Structures are given as structure tokens and as C-alpha cells.
Amino acid sequence: MDVCEEVKKTIREVPNFPKEGINFIDITTAIKDKDAMKKIIDFFVEQFKDEKIDYVAGIESRGFIFGMPIAYLLNCGFVPIRKPKKLPAETIGVDYSLEYGTDRIEIHKDAIEEGKRVLIIDDLLATGGTAGAACELVKKAKGELAGIGFLVELEFLNGREKLPKDTKVVTMLKYKD
């Protein structure tokens, strides 16, 4: 059994959460398992070790869980991508559309220097709205997008369509339906 299948076995699926008809992919069972967590982090480090990453940017909040140890092992800095009004200094942000309305993500204005290579990390790629906005945010900060990594991709929601086509996108676990 390969490492991806081993990790997938540690993830719990919760039917009808948060509402009827939704099959929730619960990663908390994987991150509490020390062996699975190590495999997840090692997987992403291996995928991006040759990309000359300056910063890992983790999307709030589960992107922080994976982003910090990945940044540590890639010997680079970590940039938190936060929801509005969570960062204390001057910020730049990007608004993006949701099914019913809009949302916003932000980073500190001085978080990414021009030309620095940034790897975006999050737990889940679903519709791609948040991840696409994070890509825009890195570009708005004049950073260079080095890649994007997700633990889980819900392929049936076509989230990759909202991501830059010229960027390396890595998902460890894919769910087809």
C-alpha cells in the first residue's frame, strides 16, 4: 500500500454533515495520528523540496497545521493567510465570491517581498474560491507563486479550474464523488 492510501485510511468520512447530502471529509482523525501526520508533512516536503521556496503561506486555519512544519523542513518562512481583521499591522487583501455572497483573505502588507517564491498550503481544495484568492493575494504582494498543495481534493467540484494553469498543484488525496 502506498503512503497516500495509508493516510487516506486514517481520514474519517462523516455522512450528512454539515447538512443532508454532504459527505464531510474529517481530517482530524489523520492529524491526531502521529504516523499519518508525519507522512502528510513528508509528502509535501518531498514534492516541493526542489522549488526554492522562500515562504510557505498557510490558509486559515487548517493550512497553518500543515504549513508550519512544511516551512520548517523546507528551511523557509511562514506567512499566515487570515480572515479580515485578524492581523495587527497594515494588510493587503483579496475579496472572492462564495455561493451566497463574498469573503476576504488578507496578509500583512510586508509579509512577502517582491520576487520571493511562495508555496500555498491548505487542507482542502473544493470549489477553489479561497485557494484562487490566495494565489491572487501572493501575486498582489508581488510574490512568485511556486506551487499549491492540498491534503484533500474534491475533484467533482472542479476547484482546479480557479487556480493558475501555470502553477504546480499537488494534492495527496483525491475524492471523485
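The structure this text deals with has already been given above.
So, a few notes on the structure that sits alongside this text. Along each chain, residues carry numbers from 1 onward, in the same order as the chain's sequence is written. In keeping with the predicted nature of the model, local features appear solely for residues at pLDDT of at least 70, side-chain atom pairs appear and are counted solely at 80 or more, and the whole-chain, interface and lining totals rest on all residues. Here the side-chain values reflect all heavy atoms present in the structure, with hydrogen atoms and water set aside.

### Focus on the pattern of salt bridges
Formally: Each reported salt bridge corresponds to a side-chain nitrogen of Lys or Arg within 4 Å of a carboxyl oxygen of Asp or Glu. In DSSP terms, a helix is any run of H or I states spanning at least four residues, a strand is any run of E spanning at least two, and both are numbered starting from the N terminus. A 1.4 Å probe rolled over the protein chains alone gives each residue an accessible area, and that area as a share of the maximum for its type sets the label: buried under 20%, exposed over 50%, partly exposed in between.
Scanning all chains against the criterion turns up 14 salt bridges. The salt bridge involving R117 is made with E51; its shortest N-O contact spans 3.5 Å. Taken together, the residues R117 in strand 7 (residues 117-125) and E51 in the loop between helix 3 (34-48) and strand 3 (55-59) connect sequence positions 66 residues apart. Given the relative accessible area of 21%, E51 is considered partly exposed. A salt bridge links K109 to E90; its shortest N-O distance comes to 3.5 Å. In this pair, K109 sits in the loop between strand 6 (101-108) and strand 7 while E90 sits in the loop between strand 4 (77-81) and strand 5 (91-98), placing the two residues 19 residues apart along the sequence. Judged by its relative accessible area of 48%, K109 is partly exposed. E90 gets classed as exposed once you look at its relative accessible area, which sits at 54%. Residues joined by salt bridges that share partners form a network here, namely E51, R117, E144 and K168.

### Re the layout of surface pockets
Note the cut-off: Think of a 1 Å grid over just the protein atoms. A cavity is a set of points where a 1.4 Å probe fits yet cannot get out, a pocket is an open set with protein on both sides within 12 Å along at least five of seven lines, and lining residues have an atom within 4 Å of a point. Grid points are joined across faces, edges and corners, and a volume is the space filled by probe spheres set on the points. In this count, Pro and Cys sit with the nonpolar residues alongside Ala, Val, Leu, Ile, Met, Phe, Trp and Tyr, while Asp, Glu, Lys and Arg are called charged and the others, Gly among them, polar.
By volume, the largest pocket is sized at about 1,300 Å³. For the largest pocket, the lining is made up of 39 residues, of which L124, A126, T127, L154 and L157 are closest to its centre. Broken down by secondary-structure element, the contributors of at least two residues to the lining of the largest pocket are strand 2 (23-26), strand 5, strand 6, strand 7, helix 5 (129-140) and strand 8 (144-154). Split by residue class, the lining of the largest pocket holds 20 nonpolar, eight polar and 11 charged.

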